[in-house]
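# Understanding the architecture of this molecule
Here is how the chains run, residue by residue.
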Amino acid sequence: MASPRHAEISGAGFAGLTVATALAQKGWTVRVHERTQDLRAEGAGIVLWGNSLVVLDKLGATPDLESRAMHSPAYETRMNNVIRSQERLEGVRWISVTRPHLYATLLTAARESGVEIISGSEVTGATPDGRISFADGTSAEADLVVGADGVGSAVRDSLGIPLKRERSRDGITRFLVPRHKAELQLLEPDTDWDNYIDFWNIEPRVLRVLYVPCNEEEVYIALMAPVSDAQGSKVPIDLALWTENFPHLAPVLEEAAKLHGKYYGYQTTRVDHWTEGRVAIIGDAAHAMCPALAQGAGCSIHNAWTLATVATQAADDELGDALREWERLERPITDRAQDRSQYYADTRQMAQGNQFQGDVIETAMYNPTDPHRHEVN
Ligand code: 5PR
């Protein structure tokens, strides 16, 4: 038997761990380099849809993930605390989990699949012939190099891939806090506090709280305000401002006020191309997007899977062509998700409710594990 092919991956985030696990399970030897010393997820909560969940199924990670996840009965949207829609999303698979839990699940899957993860290892760049270089001056060779190193990707930038960044007018601060379900229930007995609830206020002031239960104990809340609103975008949050506008959420807002938090302005980064020779970029390095459709990590995970599949199927001397073909086939759906997410961020149209239908759920319904997905019927 030929010796296994070898992959070097920069970045142990969701994209990097997914591609690493998929490659290892398909017979590759894999090393993942993580710049930070400890392996842990930043961030609060996350919603995953069918397109990423089918990948986690394939990796064998779903039972672990589902052991601490929320299946909300409805995706509810309110304006000034009046219900605009309660979408049941029949036929759409979606769950909410904490980011630390998704991270722990992927880390376990990677380790169990034989992936070697090296923390405190900073990648400075890569070359199309498959050489990866490190901050300590050393380098290594691989059959496949993957830049899964985030929006500021050193792998991407070392290849000189052009990019364009667009900022939007709003932004958010994210928190993971105790649910305080009993207190919330007392404040509003008619609300189903297991629902995913997007609380919008546009008039008299643009402020929004996205309320996403992730399990019985933890809720992810995202507080949105325009970049131009110094008081609304301040961290730690201005508790008086937020509770005055969302009195029914006071128990969880009080928890958020105890944490520091970081305000992120919505932005989109579009890159010219995703592959060069034996190097491919995935995740935020390739397609950082606004969070409106909750598909940043979803696209990262599904693109990680298809990359691993295509690279495994390709003959070694045709890898470069295979990766270009992968981009040609797989990129358009991610570009559309990016465009739609930016559109929603720019227009605040999610506030109208009933948005998860038609083309908008294209990404959620995508099945990257279906071998016939690109066939025209
Ligand atoms: N949806 C989700 C989310 O986490 C955010 C947004 C929408 C699940 C914030 O990250 O529009 O900001 C949003």
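Residues numbered from 1 in each chain as written. Predicted model: local features only at pLDDT ≥ 70, side-chain atom pairs only at ≥ 80, totals over all residues. Heavy atoms only, no water.

This brings us to the overall build of the protein chain. Check the secondary structure of the protein chain and you find twelve helices and 18 strands. For a compact globule of 377 residues, the expected C-alpha radius of gyration is about 21 Å, and the protein chain comes in at 21 Å, within 12% of that figure. With 377 residues in all, the protein chain has 57% of them scored as buried. A total of about 15600 Å² of accessible surface is found on the protein chain, and carbon and sulfur atoms cover 49% of it. Distance from the positive charge centre (36 side chains) to the negative charge centre (53 side chains) of the protein chain: 2 Å. (Helix = DSSP H or I, 4+ residues; strand = E, 2+ residues; numbered from the N terminus. Rg over C-alpha atoms; globule rule 2.2 N^0.38 Å. Buried < 20%, exposed > 50% of the residue type's maximum accessible area, 1.4 Å probe, protein only. Areas by Shrake-Rupley, 256 points an atom, 1.4 Å probe, with all protein chains shown as cover. Lys, Arg positive; Asp, Glu negative; His and termini not counted. Charge placed at Lys NZ, Arg CZ, Asp CG, Glu CD.)

Moving on, we come to the layout of surface pockets. Computed from the structure, the second largest pocket encloses a volume of approximately 220 Å³. Surrounding the second largest pocket, 16 residues form its lining, T309, V310, Q313, P371 and R373 being those nearest its centre. Elements with a contribution of two residues or more to the lining of the second largest pocket: α10 (296-313) and α11 (319-347). Considered class by class, the residues forming the lining of the second largest pocket number seven nonpolar, five polar and four charged. (1 Å grid on protein atoms, 1.4 Å probe; cavity = no way out; pocket = protein on both sides within 12 Å on 5 of 7 lines; lining within 4 Å. Points joined across faces, edges and corners; volume = space filled by probe spheres on them. Nonpolar A, V, L, I, M, F, W, Y, C, P; charged D, E, K, R; others polar.)

Following the criterion strictly, the structure yields two cavities of 30 Å³ or more and no others. By volume, the largest cavity amounts to about 50 Å³. Contributing to the lining of the largest cavity are D170, W200, R208, M224, Y266, A292, Y344, A345, R348 and M350. When grouped by side-chain class, the residues that make up the lining of the largest cavity number seven nonpolar, no polar and three charged. Each pocket or cavity is described by its volume, and for the second largest cavity that value is around 40 Å³. Together, W49, L293, Q295, F356, V360, I361, T363 and A364 line the second largest cavity. Looking at the lining of the second largest cavity residue by residue, the class counts come to six nonpolar, two polar and no charged.

Helix length check: α10, at 18 residues, gives a terminal C-alpha distance of 26 Å against a target of 26 Å (1.5 Å per residue), a fit within 8%. Most of α10 sits out of view: 15 of its 18 residues are buried. (Expected span 1.5 Å × (residues − 1).)

What the seven strands build is an open sheet, ordered β5-β4-β13-β14-β15-β12-β16; its pairing is mixed. Each edge of the open sheet carries a strand with a single partner, namely β5 (82-87) and β16 (263-271). Shown here is a sheet whose adjacent strand axes are inclined to one another by a mean of 25°, direction ignored. Against the sheet, helix α8 (residues 250-257) touches β12 (163-178) and β15 (218-226), its axis set at about 110° to β12. (Pairing = 2+ DSSP bridges. Axes fitted to C-alpha atoms, helices over the stretch in contact; angles between N-to-C directions. Contact = heavy atoms within 4.5 Å.)

Our focus in this paragraph is the site of the ligand. Residues in contact with the ligand, as listed here, are V47, I172, R174, Y196, R208, L210, Y220, Y266, P291, A292 and A294. A distance of 3.0 Å separates an oxygen atom of the ligand from a polar side-chain atom of R174. The backbone of P291 places a nitrogen or oxygen atom 3.4 Å from a nitrogen atom of the ligand. Considered on its own, the ligand offers 320 Å² of accessible surface; in the complex 95% of this is hidden by protein. Going through the elements one at a time, β12 and β14 (207-213) are the ones with two or more residues in the shell around the ligand. Among the residues making up the shell around the ligand, the classes are represented as nine nonpolar, no polar and two charged. (Near = heavy atom within 4 Å. Polar contact = N/O pair within 3.5 Å; in protein donor to acceptor, adjacent residues only side chain to side chain.)

Bringing the state of the cysteines into the picture now. One pass over the full model with this rule turns up zero disulfides. Note on C214: no disulfide assigned, nearest cysteine sulfur contributed by C299 at a separation of 20 Å. Relative accessible area serves as the criterion here: at 0%, C214 is assigned to the buried category. (Disulfide = S-S within 2.5 Å.)

Further remarks concern helix α2 (residues 50-59). In terms of residue burial, α2 counts as a mostly covered element, since eight of its ten residues are buried. All of the buried residues along α2 are G50, N51, S52, L53, V54, V55, L56 and L59. The positive-phi residue at the C-terminal boundary of α2 is G60, with phi of around 80°.

Relative to the assigned elements, Q231 resides in the loop between β15 and α7 (239-245). Taking relative accessible area as the criterion, Q231 reaches 34% and is therefore assigned partly exposed. With ten residues separating them along the chain, Q231 and L241 place their C-alpha atoms 8.0 Å apart. Not counting chain neighbours up to four residues away, the residues in contact with Q231 comprise R205, D238 and L241. One polar contact links Q231 to R205, side chain to side chain, over a distance of 3.0 Å.

Let us look at the pairing of strand β3 (residues 45-49). Where burial is concerned, most of β3 is hidden: five out of the five residues are buried. Both faces of β3 are covered, namely the face carrying G45, V47 and W49 and the face carrying I46 and L48. Note: β3 against strand β6 (residues 94-98), five bridges, orientation antiparallel. Directly across from G45, in β6, lies its bridge partner T98.

This brings us to the sheet that holds strand β2 (residues 29-34). Reading across the sheet, the six strands line up as β7-β2-β1-β11-β18-β17 and stay open at both edges, with mixed pairing between neighbours. Edge strands, defined here as strands with exactly one partner in the open sheet, are β7 (116-119) and β17 (275-276). Where β2 and β7 come together, four bridges link them in parallel fashion. Within β7, the position partnered with E34 by the bridge is S119.

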